[in-house]
Amino acid sequence: MTVERLVAIMARLRDPKRGCDWDVAQTWATIAPYTIEEAYEVADAIARDDAADLKDELGDLLLQVVFHSRIAEEAGAFTLDDVVASISDKMERRHPHIFGDAAQSPGWEELKAAERSGKSDASALAGVAAGLPALMRAVKLQKRAARVGFDWPDADGSRAKLHEEIEEVDAATGDEIEDEIGDLLFAAVNWARHLGVDPETALRRGNAKFERRFRAMEAIAGESFPALSLDDKEALWQRVKRG
């Protein structure tokens, strides 16, 4: 089955006279949150090693690409064929040792830097999407800065910076606290990066661990859990933590 069937379905759904009212009313901005959500659901299926679910979630994500492209085509901006042609050109351009006559790849980041140099914003930080999850964007910003020499030489420097930021949170008052917490989280991401840990993955695992242990406490205590004292809850926590 080719993608043309999906393209035809989306065109029908977007038809002003015969289409679906909800689909017709959508814009790039209104469906952007769904696009992000579908990408996360793909990642979740991969994390669960669920091939059947991954197939469905990739279909949902593909629908988002077709949806955005259809809106663009109606506006005379570009078509799905243009999207495919653009990424095809980019992949060939970024692999000159495979699709061209280069002896070896000049390096992924060197290729991307060359692409950025032709744009109006030539900053080392250009192209780091503002819509990325905050942890992921922090890592990308830090990596870009590191490539031009703005980085701690080792993990000790980033660890010291983390302690410095903790002290600044302690000293902060009022509206300063939110800013200082932001600096603290940024420093924690930097330390994780220097330790070779992906903070997004680490936090996902931490979330899953907390949920698993909390649910275990609820299962042990039953309906009485909310009424337990904090000391009793802590005792339960240590119990489930020990396994």
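Residues numbered from 1 in each chain as written. Predicted model: local features only at pLDDT ≥ 70, side-chain atom pairs only at ≥ 80, totals over all residues. Heavy atoms only, no water.

### Considerations on unusual backbone geometry
Next, step 1: Residues other than glycine seldom take positive phi values, yet Asp 49 does so here, at roughly 55°.
Next, step 2: Take Asp 49: it is sitting in the loop between helix H3 (28-47) and helix H4 (51-74).
Next, step 3: Classification of Asp 49 as exposed rests on a relative accessible area of 71%. (Helix = DSSP H or I, 4+ residues; strand = E, 2+ residues; numbered from the N terminus. Buried < 20%, exposed > 50% of the residue type's maximum accessible area, 1.4 Å probe, protein only.)

### Brief notes about the environment of Gly 100
Next, step 1: Position of Gly 100 relative to the elements: it lies in the loop between helix H6 (96-99) and helix H7 (108-117).
Next, step 2: When its relative accessible area of 45% is taken as the criterion, Gly 100 is described as partly exposed.
Next, step 3: As a C-alpha pair, Gly 100 and Ile 31 span 69 residues in sequence and 38 Å in three-dimensional space.

### What about a negative patch on the surface?
Next, step 1: Taken together, the side chains of Glu 167, Glu 168, Asp 170, Asp 175, Glu 176, Glu 178, Asp 179 and Asp 183 present a region of like negative charge at the surface.
Next, step 2: Mapped onto the negative patch, the elements with two or more residues apiece are helix H9 (155-171) and helix H10 (176-194).
Next, step 3: Sorting elements by how many residues they give to the negative patch places H10 first, with 4 residues.
Next, step 4: Relative to the helices and strands, Glu 178 resides in helix H10.
Next, step 5: Overall, the relative accessible area of 66% leaves Glu 178 in the exposed class. (Patch = residues over 30% accessible without salt bridge, like charges linked within 9 Å, V, L, I, M, F, W, Y side chains within 5 Å. Areas by Shrake-Rupley, 256 points an atom, 1.4 Å probe, with all protein chains shown as cover. Salt bridge = Lys/Arg side-chain N within 4 Å of Asp/Glu carboxyl O. Lys, Arg positive; Asp, Glu negative; His and termini not counted. Charge placed at Lys NZ, Arg CZ, Asp CG, Glu CD.)

### As for helix H11 (residues 199-221)
Next, step 1: For H11, with 23 residues, the first-to-last C-alpha span of 33 Å sits near the 33 Å given by 1.5 Å per residue.
Next, step 2: Listing the buried residues of H11 in full gives Pro 199, Glu 200, Arg 213, Met 217 and Ala 221.
Next, step 3: Considering only its buried residues, H11 is in contact with H3, helix H8 (134-147), H10 and helix H12 (230-242).
Next, step 4: Downstream of H11 by one or two residues, Gly 222 has phi in the positive range, about 70°. (Expected span 1.5 Å × (residues − 1). Contact = heavy atoms within 4.5 Å.)

### Section: the side chain of His 68
Next, step 1: By the element assignment, His 68 lies in helix H4.
Next, step 2: In this view, His 68 contacts Trp 28, Ile 31, Ala 32 and Thr 35; residues no more than four positions away in its chain are not counted.

### Observations regarding the side chain of Lys 233
Next, step 1: Relative to the helices and strands, Lys 233 resides in helix H12.
Next, step 2: One buried charged side chain, Lys 233, makes no salt bridge at all; its nearest oppositely charged neighbour is Asp 232, positioned 7.9 Å away.
Next, step 3: Polar contacts involving the side chain of Lys 233 include one to the main-chain carbonyl oxygen of Pro 226, which spans 3.2 Å.
Next, step 4: The residues contacting Lys 233, other than those within four sequence positions of it, are Met 217, Phe 225, Pro 226, Ala 227 and Leu 228. (Polar contact = N/O pair within 3.5 Å; in protein donor to acceptor, adjacent residues only side chain to side chain.)

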